[in-house]
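Structural features, examined
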Amino acid sequence: MQQQVFPTKGNLIASKKSLDLSTLGFDLLDRKRNILVRELMLKVEDAKRIKQQIADTFERAYKSLEQANITLGIIEEIAEGMPVDNSIQLGYRSVMGVEVPTVQTDGSLPLPSYGFTQTNSKLDYALFCFHEAKQMAAKLAEVENGVYRLANAIAKTQKRANALQNIMIPNLTETARFIADALEEKEREEFSRMKVIKRQKQGKEAQ
């Protein structure tokens, strides 16, 4: 690389400026990576906690549905009469430029869409359990999708930081050193040449 750069003061200034910018860029990427890693670890912990709870929640929901079916018979007609749930809203929040999804759900328990004369509390409890399962499933989807996006962003940030740390910064450092050494050598040669000229001039004046 050094052979491609002509050793001038202008190129030395440009190389040092590029080196400063690359060093600043690496520092910013390193800071971004640390923040993303911290956010990722928090979401991983959330995912572990939710996964531990969600299995029990779904098991309870299906058992409650089984009880409702036993006491009421197969409640397929009642299930078909349930309205479509459109309460889930998707959004995003930015973490160091990374769009992390957010899932908003209506936390209030939906009103039963069936009559009470031909149903019982078993069905009401099943409705409550599946509502709780839905809330947890939405939260788990948010967390796991966030983990995926953050992991990808960390990998890309790490790649860019490595390129700066292992390629750009060493090359720019070596280039600046090469130019500085060449300019210093040139100054020494010029100083020596001026001394020779001065001695020759003094010799001629002495004659």
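Preceding block: the structure.
So, here's what we can say about the structure.

**What about the pattern of salt bridges?**
If you walk through the whole model with that rule in mind, you get 11 salt bridges. In this structure, the salt-bridge partner of K51 is E144, at a minimum N-O distance of 3.2 Å. Of the two residues, K51 sits in helix α1 (residues 9-72) while E144 sits in helix α3 (residues 121-206), which places them 93 residues apart along the sequence. K51 gets classed as partly exposed once you look at its relative accessible area, which sits at 46%. The class for E144 is partly exposed, based on a relative accessible area of 35%. E132 serves as the salt-bridge partner of R60, at 2.9 Å between the closest nitrogen and oxygen. Taken together, the residues span a long stretch of sequence, with R60 in helix α1 and E132 in helix α3 at a distance of 72 residues.

**Some remarks on the pairing of strand β2 (residues 98-104)**
The element β2 is largely enclosed, with a buried count of five among its seven residues. As judged from the seven bridges shared by strand β1 (residues 89-95) and β2, these two strands associate in the antiparallel manner. In the sheet register, Q89 faces β2, and the bridge partner there is Q104. Following β1, the chain reverses through two residues before pairing antiparallel with β2; M96 in that reversal takes a positive phi of roughly 55°.

**Thoughts on a nonpolar patch on the surface**
Judged by side-chain polarity, L109, Y125 and F128 come together as a nonpolar surface patch covering roughly 280 Å² of accessible area. Topologically, L109 is positioned in the loop between β2 and α3. Owing to a relative accessible area of 43%, L109 belongs among the partly exposed residues under this scheme.

**Some details on the side chain of S64**
On the secondary structure map, S64 appears in helix α1. When its relative accessible area of 5% is taken as the criterion, S64 is described as buried. Non-local contacts of S64, meaning those with residues more than four positions away in its chain, are made with K122, Y125, A126 and C129.

**Describing the layout of surface pockets**
Computed from the structure, the largest pocket encloses a volume of approximately 570 Å³. Of all the secondary structure elements, the ones that give two or more residues to the lining of the largest pocket are α1, α2 (76-80) and α3. Split into classes, the residues belonging to the lining of the largest pocket amount to 16 nonpolar, five polar and four charged.

Rules of the game
- Residues numbered from 1 in each chain as written.
- Predicted model: local features only at pLDDT ≥ 70, side-chain atom pairs only at ≥ 80, totals over all residues.
- Heavy atoms only, no water.
- Salt bridge = Lys/Arg side-chain N within 4 Å of Asp/Glu carboxyl O.
- Helix = DSSP H or I, 4+ residues; strand = E, 2+ residues; numbered from the N terminus.
- Buried < 20%, exposed > 50% of the residue type's maximum accessible area, 1.4 Å probe, protein only.
- Pairing = 2+ DSSP bridges.
- Patch = residues over 30% accessible without salt bridge, like charges linked within 9 Å, V, L, I, M, F, W, Y side chains within 5 Å.
- Areas by Shrake-Rupley, 256 points an atom, 1.4 Å probe, with all protein chains shown as cover.
- Contact = heavy atoms within 4.5 Å.
- 1 Å grid on protein atoms, 1.4 Å probe; cavity = no way out; pocket = protein on both sides within 12 Å on 5 of 7 lines; lining within 4 Å.
- Points joined across faces, edges and corners; volume = space filled by probe spheres on them.
- Nonpolar A, V, L, I, M, F, W, Y, C, P; charged D, E, K, R; others polar.

Read these as geometric descriptors, not functional statements.
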